[in-house]
Amino acid sequence: MSIRIHPIKAFNDNYIWTLINDGNKQAIVIDPGQAQPVIDYLDSHDLELTSIWTTHHHHDHTGGVAELQESYPMTHVVAHSDHTVDQDQTIKDGSTVSAWGCAAQVWDVSGHTASHMAYILDIDGNKHCFCGDTLFSAGCGRVFTGTIEQLHDSFKRLNGLSSQTLLYPAHEYTANNLRFGLSIEPDNEAMQQALIRAEEKNAHGTPTLPVTLEHERMVNVFLRMQEPSVIEGVKAKKNIEDDKSLTVFAALRELKDNF
Ligand SMILES: [Zn+2]
(Lines give C-alpha, C1' and ligand atoms only; values in the text may rest on other atoms or scores of the structure.)
Protein backbone atom coordinates (compact mmCIF):
# COMPACT_ATOMS: atom_id res chain seq x y z
CA MET A 1 0.00 0.00 0.00
CA SER A 2 1.41 3.35 -0.90
CA ILE A 3 0.20 6.13 1.34
CA ARG A 4 1.86 9.54 1.20
CA ILE A 5 1.74 11.87 4.19
CA HIS A 6 1.59 15.60 3.55
CA PRO A 7 1.24 18.58 5.93
CA ILE A 8 -1.38 21.18 5.00
CA LYS A 9 -0.58 24.42 6.82
CA ALA A 10 -3.33 26.16 8.80
CA PHE A 11 -3.48 29.21 11.09
CA ASN A 12 0.03 30.42 12.07
CA ASP A 13 1.76 27.16 12.89
CA ASN A 14 -0.72 24.24 12.69
CA TYR A 15 -0.21 21.24 10.44
CA ILE A 16 -3.20 19.28 9.18
CA TRP A 17 -1.54 15.96 8.43
CA THR A 18 -3.03 14.43 5.31
CA LEU A 19 -2.85 10.78 4.25
CA ILE A 20 -3.01 10.46 0.47
CA ASN A 21 -3.73 7.32 -1.52
CA ASP A 22 -2.51 8.04 -5.06
CA GLY A 23 -4.04 4.77 -6.27
CA ASN A 24 -7.64 5.89 -5.78
CA LYS A 25 -7.13 9.66 -5.30
CA GLN A 26 -8.60 9.61 -1.80
CA ALA A 27 -7.41 11.48 1.28
CA ILE A 28 -7.78 11.41 5.05
CA VAL A 29 -7.08 14.52 7.15
CA ILE A 30 -6.13 14.63 10.81
CA ASP A 31 -7.20 17.60 12.97
CA PRO A 32 -8.60 20.01 10.37
CA GLY A 33 -8.81 23.20 12.41
CA GLN A 34 -9.73 25.05 9.22
CA ALA A 35 -11.67 23.75 6.21
CA GLN A 36 -10.50 26.10 3.44
CA PRO A 37 -6.81 25.10 3.32
CA VAL A 38 -7.94 21.45 3.09
CA ILE A 39 -10.50 22.17 0.35
CA ASP A 40 -7.90 24.17 -1.63
CA TYR A 41 -5.31 21.40 -1.37
CA LEU A 42 -7.74 18.60 -2.27
CA ASP A 43 -9.14 20.58 -5.23
CA SER A 44 -5.73 21.41 -6.65
CA HIS A 45 -4.62 17.76 -6.37
CA ASP A 46 -7.91 16.25 -7.55
CA LEU A 47 -8.43 14.33 -4.30
CA GLU A 48 -11.62 13.19 -2.56
CA LEU A 49 -11.85 13.47 1.22
CA THR A 50 -13.01 10.16 2.70
CA SER A 51 -12.22 10.47 6.39
CA ILE A 52 -11.36 12.91 9.20
CA TRP A 53 -9.62 11.85 12.41
CA THR A 54 -9.37 14.14 15.46
CA THR A 55 -6.92 13.95 18.37
CA HIS A 56 -8.64 16.34 20.81
CA HIS A 57 -11.41 18.93 21.04
CA HIS A 58 -9.47 22.20 20.72
CA HIS A 59 -10.84 24.51 18.05
CA ASP A 60 -7.59 24.70 16.09
CA HIS A 61 -7.92 20.92 15.58
CA THR A 62 -11.68 20.57 15.01
CA GLY A 63 -12.86 23.98 13.71
CA GLY A 64 -13.03 22.83 10.07
CA VAL A 65 -14.77 19.49 10.61
CA ALA A 66 -18.40 20.58 10.13
CA GLU A 67 -17.64 22.54 6.93
CA LEU A 68 -15.68 19.61 5.50
CA GLN A 69 -18.59 17.27 6.31
CA GLU A 70 -20.85 19.59 4.31
CA SER A 71 -18.46 19.84 1.39
CA TYR A 72 -17.72 16.09 1.35
CA PRO A 73 -20.93 14.36 2.55
CA MET A 74 -19.40 10.86 2.27
CA THR A 75 -16.63 11.76 4.76
CA HIS A 76 -16.37 9.41 7.72
CA VAL A 77 -15.50 11.28 10.93
CA VAL A 78 -13.51 9.44 13.59
CA ALA A 79 -13.36 11.04 17.05
CA HIS A 80 -13.59 10.48 20.79
CA SER A 81 -16.99 11.34 22.29
CA ASP A 82 -15.44 14.40 24.03
CA HIS A 83 -14.15 15.96 20.82
CA THR A 84 -17.30 18.07 20.20
CA VAL A 85 -17.72 16.97 16.58
CA ASP A 86 -20.48 14.93 14.94
CA GLN A 87 -18.54 11.69 14.58
CA ASP A 88 -19.48 8.53 12.64
CA GLN A 89 -17.04 6.33 14.55
CA THR A 90 -16.46 6.86 18.27
CA ILE A 91 -12.99 5.87 19.39
CA LYS A 92 -11.20 5.36 22.67
CA ASP A 93 -7.94 3.78 23.80
CA GLY A 94 -7.51 0.44 22.03
CA SER A 95 -9.75 1.24 19.05
CA THR A 96 -8.56 0.48 15.54
CA VAL A 97 -9.11 2.81 12.60
CA SER A 98 -8.56 1.81 8.98
CA ALA A 99 -6.84 3.72 6.18
CA TRP A 100 -7.37 1.76 2.96
CA GLY A 101 -6.58 -1.52 4.67
CA CYS A 102 -3.74 -0.14 6.84
CA ALA A 103 -4.56 -0.20 10.53
CA ALA A 104 -4.09 2.70 12.94
CA GLN A 105 -4.14 1.89 16.64
CA VAL A 106 -5.73 4.51 18.88
CA TRP A 107 -3.87 5.34 22.08
CA ASP A 108 -5.06 7.52 24.93
CA VAL A 109 -2.25 10.06 25.40
CA SER A 110 -4.12 12.53 27.59
CA GLY A 111 -2.63 15.30 29.72
CA HIS A 112 -2.87 18.30 27.37
CA THR A 113 -6.64 17.61 27.47
CA ALA A 114 -8.59 14.99 29.40
CA SER A 115 -9.28 12.86 26.32
CA HIS A 116 -6.45 13.26 23.86
CA MET A 117 -5.97 10.43 21.34
CA ALA A 118 -2.99 9.49 19.17
CA TYR A 119 -3.21 7.45 15.96
CA ILE A 120 -0.39 5.01 15.32
CA LEU A 121 -0.59 4.00 11.69
CA ASP A 122 1.30 1.00 10.37
CA ILE A 123 2.28 1.31 6.71
CA ASP A 124 4.22 -1.73 5.49
CA GLY A 125 5.67 -2.30 8.96
CA ASN A 126 6.69 1.35 9.48
CA LYS A 127 4.94 3.19 12.27
CA HIS A 128 3.63 6.75 11.93
CA CYS A 129 2.31 8.37 15.11
CA PHE A 130 -0.06 11.36 14.86
CA CYS A 131 0.27 12.75 18.36
CA GLY A 132 -1.64 16.06 18.15
CA ASP A 133 -0.66 18.44 20.95
CA THR A 134 0.83 15.79 23.27
CA LEU A 135 4.42 15.65 22.05
CA PHE A 136 6.03 18.36 19.92
CA SER A 137 9.51 18.06 18.52
CA ALA A 138 11.81 18.93 21.44
CA GLY A 139 8.83 19.75 23.64
CA CYS A 140 5.42 18.86 25.01
CA GLY A 141 1.90 20.25 25.13
CA ARG A 142 0.66 22.49 27.91
CA VAL A 143 -1.62 21.02 30.54
CA PHE A 144 -5.14 22.35 29.97
CA THR A 145 -7.97 20.01 31.01
CA GLY A 146 -5.76 16.98 31.67
CA THR A 147 -3.18 16.50 34.44
CA ILE A 148 0.60 16.55 34.55
CA GLU A 149 0.51 12.92 35.75
CA GLN A 150 -1.45 11.92 32.64
CA LEU A 151 0.95 13.82 30.39
CA HIS A 152 3.94 12.14 32.04
CA ASP A 153 2.32 8.71 31.55
CA SER A 154 1.56 9.56 27.92
CA PHE A 155 5.20 10.47 27.28
CA LYS A 156 6.35 7.21 28.85
CA ARG A 157 3.93 5.34 26.64
CA LEU A 158 5.02 7.12 23.45
CA ASN A 159 8.64 6.50 24.41
CA GLY A 160 7.86 2.77 24.32
CA LEU A 161 7.35 2.88 20.54
CA SER A 162 10.19 1.62 18.36
CA SER A 163 13.02 4.10 17.79
CA GLN A 164 12.29 4.47 14.06
CA THR A 165 8.65 5.48 14.63
CA LEU A 166 7.92 8.77 12.88
CA LEU A 167 6.15 11.37 15.02
CA TYR A 168 3.78 13.92 13.47
CA PRO A 169 2.93 16.68 16.00
CA ALA A 170 0.27 19.23 15.03
CA HIS A 171 2.33 22.42 15.48
CA GLU A 172 5.62 23.90 14.25
CA TYR A 173 7.12 24.74 17.64
CA THR A 174 10.47 23.01 17.15
CA ALA A 175 12.91 25.95 17.19
CA ASN A 176 11.40 27.58 20.28
CA ASN A 177 11.29 24.23 22.08
CA LEU A 178 14.95 23.65 21.29
CA ARG A 179 15.83 27.09 22.71
CA PHE A 180 14.07 26.05 25.92
CA GLY A 181 15.85 22.67 25.90
CA LEU A 182 19.20 24.42 25.54
CA SER A 183 18.37 26.61 28.55
CA ILE A 184 18.29 23.34 30.52
CA GLU A 185 21.06 21.43 28.68
CA PRO A 186 23.31 24.08 27.08
CA ASP A 187 25.98 21.53 26.10
CA ASN A 188 23.64 19.13 24.28
CA GLU A 189 25.19 19.00 20.80
CA ALA A 190 22.26 17.17 19.21
CA MET A 191 20.01 20.06 20.34
CA GLN A 192 22.47 22.67 19.08
CA GLN A 193 22.58 21.01 15.64
CA ALA A 194 18.81 20.52 15.57
CA LEU A 195 18.26 24.23 16.34
CA ILE A 196 20.48 25.29 13.43
CA ARG A 197 18.54 22.97 11.08
CA ALA A 198 15.16 24.08 12.46
CA GLU A 199 16.01 27.77 12.02
CA GLU A 200 17.10 27.11 8.41
CA LYS A 201 13.87 25.25 7.71
CA ASN A 202 11.75 27.95 9.37
CA ALA A 203 13.45 30.58 7.20
CA HIS A 204 12.42 28.61 4.09
CA GLY A 205 8.92 27.78 5.38
CA THR A 206 9.79 24.06 5.36
CA PRO A 207 8.35 21.85 8.12
CA THR A 208 10.78 20.44 10.68
CA LEU A 209 8.44 17.45 10.97
CA PRO A 210 8.05 14.52 11.10
CA VAL A 211 10.83 13.39 13.43
CA THR A 212 11.88 9.95 14.59
CA LEU A 213 11.48 8.90 18.20
CA GLU A 214 15.23 8.16 18.16
CA HIS A 215 15.88 11.84 17.38
CA GLU A 216 13.43 13.00 20.06
CA ARG A 217 15.19 10.91 22.69
CA MET A 218 18.30 13.03 22.05
CA VAL A 219 16.70 16.49 21.81
CA ASN A 220 13.48 16.43 23.86
CA VAL A 221 14.06 17.20 27.56
CA PHE A 222 10.59 15.78 28.31
CA LEU A 223 11.95 12.35 27.31
CA ARG A 224 15.24 12.90 29.16
CA MET A 225 14.19 13.29 32.82
CA GLN A 226 16.66 10.64 33.96
CA GLU A 227 19.70 12.30 32.35
CA PRO A 228 21.99 13.87 34.99
CA SER A 229 22.45 16.92 32.73
CA VAL A 230 18.68 17.52 32.69
CA ILE A 231 18.25 17.04 36.45
CA GLU A 232 21.16 19.42 37.04
CA GLY A 233 19.73 21.97 34.57
CA VAL A 234 16.35 21.91 36.30
CA LYS A 235 17.90 22.22 39.77
CA ALA A 236 19.84 25.28 38.64
CA LYS A 237 16.52 27.03 37.99
CA LYS A 238 14.10 25.55 40.48
CA ASN A 239 13.99 23.72 43.81
CA ILE A 240 12.71 20.18 43.40
CA GLU A 241 12.02 17.72 46.21
CA ASP A 242 13.47 14.65 44.49
CA ASP A 243 14.85 13.39 41.17
CA LYS A 244 11.86 11.24 40.27
CA SER A 245 10.85 11.22 36.63
CA LEU A 246 7.45 12.84 37.33
CA THR A 247 8.99 15.53 39.58
CA VAL A 248 11.52 16.53 36.92
CA PHE A 249 8.90 16.36 34.16
CA ALA A 250 6.50 18.62 36.11
CA ALA A 251 9.30 21.08 36.88
CA LEU A 252 10.28 21.20 33.20
CA ARG A 253 6.66 21.87 32.20
CA GLU A 254 6.43 24.72 34.73
CA LEU A 255 9.72 26.21 33.55
CA LYS A 256 8.54 26.00 29.94
CA ASP A 257 5.24 27.73 30.85
CA ASN A 258 7.32 30.73 31.91
CA PHE A 259 10.02 30.55 29.24
ZN1 LIG B 1 -4.65 21.62 21.86
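Whatever comes next refers back to the structure up there.
Residues numbered from 1 in each chain as written. Predicted model: local features only at pLDDT ≥ 70, side-chain atom pairs only at ≥ 80, totals over all residues. Heavy atoms only, no water.

Peer 1: What am I meant to see in the nonpolar core here?
Peer 2: Side chains that are nonpolar tend, in soluble globular proteins, to be buried together. Leu19, Trp53, Val234 and Leu252 are the most contacted members of the largest nonpolar core, which totals 62 residues. For this core, the element with the highest residue contribution is strand S9 (residues 117-123), accounting for 6 residues. When residues no more than four places from it in sequence are discounted, the contact partners of Val234 are Ile184, Ile240, Val248, Ala251, Leu252 and Leu255. Within the second largest apolar cluster, 20 residues are counted, among which are Ile39, Leu42, Ile52 and Leu68. (Core = buried A, V, L, I, M, F, W, Y, C linked by side-chain atoms within 4.5 Å. Buried < 20%, exposed > 50% of the residue type's maximum accessible area, 1.4 Å probe, protein only. Helix = DSSP H or I, 4+ residues; strand = E, 2+ residues; numbered from the N terminus. Contact = heavy atoms within 4.5 Å.)

Peer 1: Help me understand the pattern of salt bridges, please; the structure alone is not making it clear to me.
Peer 2: Close approach of charged atoms allows side chains with opposite charge to pair. Counted under the stated rule, the structure contains 9 salt bridges. Taking the shortest distance from any N to any O, the salt bridge between Glu185 and Arg224 comes out at 2.9 Å. Here Glu185, found in the loop between helix H5 (174-184) and helix H6 (189-204), pairs with Arg224, found in the loop between helix H7 (213-219) and helix H8 (228-235); they are 39 residues apart in sequence, far enough to count as distant. Comparing Glu185 with Arg224 shows no difference in burial state: the two are buried. Lys235 is paired through a salt bridge with Asp243; the nearest N and O atoms lie 2.9 Å apart. Using a relative accessible area of 43% as the deciding quantity, one classes Lys235 as partly exposed. In this structure Asp243 comes out as partly exposed when scored by relative accessible area, which is 35%. (Salt bridge = Lys/Arg side-chain N within 4 Å of Asp/Glu carboxyl O.)

Peer 1: Sorry, what's going on with the packing of helix H4 (residues 148-159) against helix H9 (residues 245-257) here?
Peer 2: To characterise two packed helices, one gives the angle between the axes of the helices and the distance between these axes. Direction vectors running N to C along H4 and H9 enclose 110°, while the axes themselves pass 10 Å from each other. Taken together, the axis directions place H4 and H9 in an arrangement best described as roughly perpendicular. Of the two possible hands of crossing, H4 and H9 adopt the one that is right-handed. From H4, Ile148, Glu149, Leu151, His152 and Phe155 reach across to H9, where they touch Ser245, Leu246, Phe249, Ala250 and Arg253. Of the residues belonging to the contact of H4 with H9, the class tally is 6 nonpolar, 2 polar and 2 charged. (Axes fitted to C-alpha atoms, helices over the stretch in contact; angles between N-to-C directions. Parallel < 35°, antiparallel > 145°, perpendicular 65-115°, else oblique. Left-handed = near helix turned anticlockwise from the far one by under 90°. Nonpolar A, V, L, I, M, F, W, Y, C, P; charged D, E, K, R; others polar.)

Peer 1: Would you mind going over the coordination of the zinc ion with me for this structure?
Peer 2: Six octahedral donors around a metal ideally sit at 90 or 180 degrees from one another, while four tetrahedral donors ideally sit at 109.5 degrees. The zinc ion binds to the protein through His56 (NE2), His58 (ND1), His112 (NE2) and Asp133 (OD); the donor distances cover 2.2 to 2.3 Å. Taken together, the 4 donor atoms coordinating the zinc ion span angles of 90 to 167° at the metal, a pattern that classifies the geometry as irregular. As a motif over one chain, the donors of the zinc ion read H-x1-H-x53-H-x20-D. Pair noted here: His112 is in the loop between strand S8 (102-108) and S9 and Asp133 is in the loop between strand S10 (126-132) and strand S11 (135-136), with a separation of 21 residues, a long-range link. (Donors = N, O, S within 2.8 Å, 3.2 Å for Na, K, Ca; no water. Tetrahedral: all angles 85-135°; square planar, octahedral: opposite > 155°, others 65-115°.)

Peer 1: Looking at this structure, I do not really get the sheet that holds strand S2 (residues 14-21). What am I missing?
Peer 2: Strands in a sheet are paired, the pairing made by backbone hydrogen bonds, and the direction either parallel or antiparallel. In spatial order, the strands read S1-S2-S3-S4-S5-S6; together these 6 strands make up an open sheet with mixed pairing. The sheet terminates laterally at strand S1 (3-10) and strand S6 (89-90), the two strands that pair on one side only. Relative to S2, S1 runs antiparallel, the two being bridged by 8 bridges. Residue pairing across strands places Ile5 opposite Leu19, the latter belonging to S2. Across the sheet, helix H1 (residues 36-44) touches S1, S2, strand S3 (26-30) and strand S4 (48-53), and the angle it forms with S1 is around 135°. (Pairing = 2+ DSSP bridges.)

Peer 1: Looking at this model, I keep getting lost on the pairing of strand S13 (residues 166-169). Mind explaining?
Peer 2: Both faces of the sheet carry side chains from a regular strand, because those side chains alternate between them. Across 3 bridges, the pairing between S10 and S13 is parallel. Bridging from a neighbouring strand, Cys129 pairs with Leu167 of S13. Direction of pairing for S13 relative to strand S14 (residues 211-212): antiparallel, over a ladder of 2 bridges. When the sheet's bridge partners are listed, Leu167 is paired in S14 with Val211.

Peer 1: Got a minute to help me understand the packing of aromatic side chains in this structure?
Peer 2: Two aromatic rings are characterised by how far apart their centres lie and by the angle between their planes. Evaluated as defined, the whole model comprises 10 aromatic pairs. Counting every residue linked through ring pairs, the aromatic cluster contains Phe155, Phe180, Phe222, Phe249 and Phe259. Directly above the ring of Trp107 sits Arg157, whose terminal nitrogen or CZ lies 4.3 Å from the centroid. (Phe/Tyr/Trp six-rings, centres within 6.5 Å; stacked < 30°, edge-to-face > 60°. Lys NZ or Arg CZ within 6 Å of the ring centre and 35° of its normal.)

Any functional reading would require information beyond the geometric quantities listed.
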